[in-house]
Amino acid sequence: MSDVSPPPAPVFHARGLSKTYVMGDVEVHALRSVDLDIFEREFVVLLGPSGSGKSTLLNILGGLDAPTSGEANWRDHNLVGADDAELTRYRREHVGFVFQFYNLIPSLTVLENVALVTEIASHPLNARDALALVGLEHRLDHFPSQLSGGEQQRVAVARAIVKSPDVLLCDEPTGALDYETGKVVLAAIVRANQQLGTTTVIITHNAAISGMADRVLRLGGGRIVGEERNPRRLSPDEVHW
Ligand SMILES: Nc1ncnc2c1ncn2[C@@H]1O[C@H](COP(=O)(O)OP(=O)(O)OP(=O)(O)O)[C@@H](O)[C@H]1O
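Treat the numbers as computed from the prediction; the structure is a model and nothing was measured.

The rules behind these values
- Residues numbered from 1 in each chain as written.
- Predicted model: local features only at pLDDT ≥ 70, side-chain atom pairs only at ≥ 80, totals over all residues.
- Helix = DSSP H or I, 4+ residues; strand = E, 2+ residues; numbered from the N terminus.
- Rg over C-alpha atoms; globule rule 2.2 N^0.38 Å.
- Buried ≥ 20, exposed ≤ 12 C-beta atoms within 10 Å, placed from the backbone.
- Contact = placed C-beta atoms within 7 Å.
- UniProt positions renumbered as here; feature names shortened; annotations may be inferred.
- Pairing = 2+ DSSP bridges.
- Axes fitted to C-alpha atoms, helices over the stretch in contact; angles between N-to-C directions.
- Core = buried A, V, L, I, M, F, W, Y, C linked by C-beta atoms within 7 Å.

With respect to the overall build of the chain
No. 1: Along its length, the chain carries six helices and 10 strands.
No. 2: Relative to the compact-globule value of 18 Å for 241 residues, the chain shows a C-alpha radius of gyration of 18 Å, a close match.
No. 3: Reported as C-alpha extents along the three principal axes, the dimensions of the chain are approximately 50 × 45 × 45 Å.
No. 4: Here the chain holds 241 residues, and the buried ones make up 39% of them.
No. 5: Restricting to contacts in the chain with at least 6 residues of sequence separation, those with at least 24 account for 70%.

Shown next, in the form of structure tokens:
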């Protein structure tokens with residue numbers, strides 16, 4: 001018997017990933033031959049200047065967009081060759097999204113906003129449990145307009161994790177929030193990563209958040225131009241900006 005454990009298999013495996021937008025005579029190379037593996041339970045932060053390709057990469061990982069060329073696999077599913085129906089199924093079963101703006105349904109309560117997702121997911125958590133995980137178990141019957149921005153974003157995090165996604169993809173989740181509120185939202189995302197084992201990828205312009213990651217990827221001009229691994233992940237309480 002060998003005591004050498006096999007290397008962990010990546011959940012995402014991308015090679016030569018490229019995305020070119022063509023508008024008339026203009027070609028925009030949003031991603032240029034990106035090679036990337038992301039591993040189960042990993043917490044990855046994507047940094048980079050505006051226009052460096054962060055959202056394009058996240059959208060391809062989440063099955064919202066297709067690359068122009070290259071390989072992109074989610075476990076054994078090929079995301080490049082998938083048709084719309086397959087991508088929809090992939091997103092529905094495996095991916096939770098959190099964006100900068102919360103996009104809650106204003107006429108539904110907090111609990112109803114989250115419970116809606118449990119009706120279309122195959123292995124959902126209980127909506128109340130997801131809201132407890134983000135610390136909102138006492139606001140179930142409130143409407144979004146009765147909540148602060150940070151509380152609404154925590155509802156959005158609960159809505160993303162209630163389907164128990166394999167991966168949580170966050171595009172500037174604290175971009176519209178003040179310092180203290182941003183930290184509470186980050187703590188909710190970290191809790192989902194640690195308690196549910198959800199692989200997490202966060203885009204941010206806030207370099208301080210990178211201390212919370214297992215790994216930090218820097219994008220520039222559509223390429224990965226830097227990669228760092230943190231020896232220890234900081235908790236949201238330990239990061240300051
Ligand atoms: N639908 C689109 N059509 C044409 N060009 C696009 C489209 N989406 C993105 N781009 C271009 O691709 C490049 C990368 O954009 P992307 O949104 O991925 O960057 P980003 O790093 O996320 O930027 P930001 O931090 O400003 O959100 C940019 O030059 C952008 O203008």
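More follows now that the structure is in view.
Some remarks on the environment of Val 117
No. 1: Mapping Val 117 onto the fold places it in helix H3 (residues 110–118).
No. 2: As for Val 117 and Ile 161, which are separated by 44 residues in sequence, their C-alpha atoms are 9.6 Å apart.
No. 3: Those residues in contact with Val 117 that lie beyond four places of it in its chain are Pro 124, Arg 159, Val 162 and Lys 163.

So, the UniProt feature "domain: ABC transporter" (unreviewed entry) in the chain
No. 1: Listed under "domain: ABC transporter" (unreviewed entry) in the UniProt record, and renumbered for this structure, are residues 12–241.
No. 2: Here residues 12–241 runs as 29% helix and 29% strand, with 31 Å between its end C-alpha atoms.

Some thoughts on the sheet that holds strand S7 (residues 167–171)
No. 1: Here we have six strands laid out as an open sheet, ordered S6-S7-S8-S3-S9-S10, and mixed in their pairing. Since the sheet does not close on itself, it has two edges, and those belong to strand S6 (95–98) and strand S10 (223–229), each with one partner. Neighbouring strand axes in the sheet, compared pairwise and without regard to direction, differ in orientation by 20° on average.
No. 2: Bridge analysis of strand S3 (residues 43–47) against strand S9 (residues 215–220) gives four bridges, and the strand direction is parallel. Bridging across to S9, Leu 46 finds its partner in Leu 217.
No. 3: Lying over the sheet, helix H6 (residues 179–196) contacts S3, S7 and strand S8 (199–203), oriented at roughly 160° with respect to S7.

Remarks on helix H1 (residues 54–61)
No. 1: Among the eight residues that make up H1, six are buried, leaving the element largely enclosed by the rest of the structure.
No. 2: Positive phi shows up at Gly 63, right after H1, with a value of about 70°.

Describing the environment of Ala 9
No. 1: Here Ala 9 shows up in the segment before strand S1 (10–23).
No. 2: When the C-alpha atoms of Ala 9 and Ser 122 are compared, they prove to be 24 Å apart, with 113 residues separating the residues in sequence.

Some remarks on the nonpolar core
No. 1: Core analysis: the largest hydrophobic core is formed by 63 residues, its most contacted members being Leu 46, Val 114, Val 157 and Ala 158.
No. 2: Aside from chain neighbours lying at most four places away, what touches Leu 46 is Lys 54, Leu 57, Val 201, Ile 202, Ile 203, Leu 217 and Leu 219.

Brief notes about unusual backbone geometry
No. 1: Unlike most non-glycine residues, Ser 33 shows phi in positive territory, near 50°.
No. 2: One can find Ser 33 in strand S2 (residues 26–39).
No. 3: Within the chain, Arg 75 stands out as a residue other than glycine whose phi angle is a positive 45°.
No. 4: Relative to the helices and strands, Arg 75 is located in the loop between strand S4 (69–74) and strand S5 (77–78).
No. 5: You can call Arg 75 exposed: it has 12 C-beta atoms within 10 Å.

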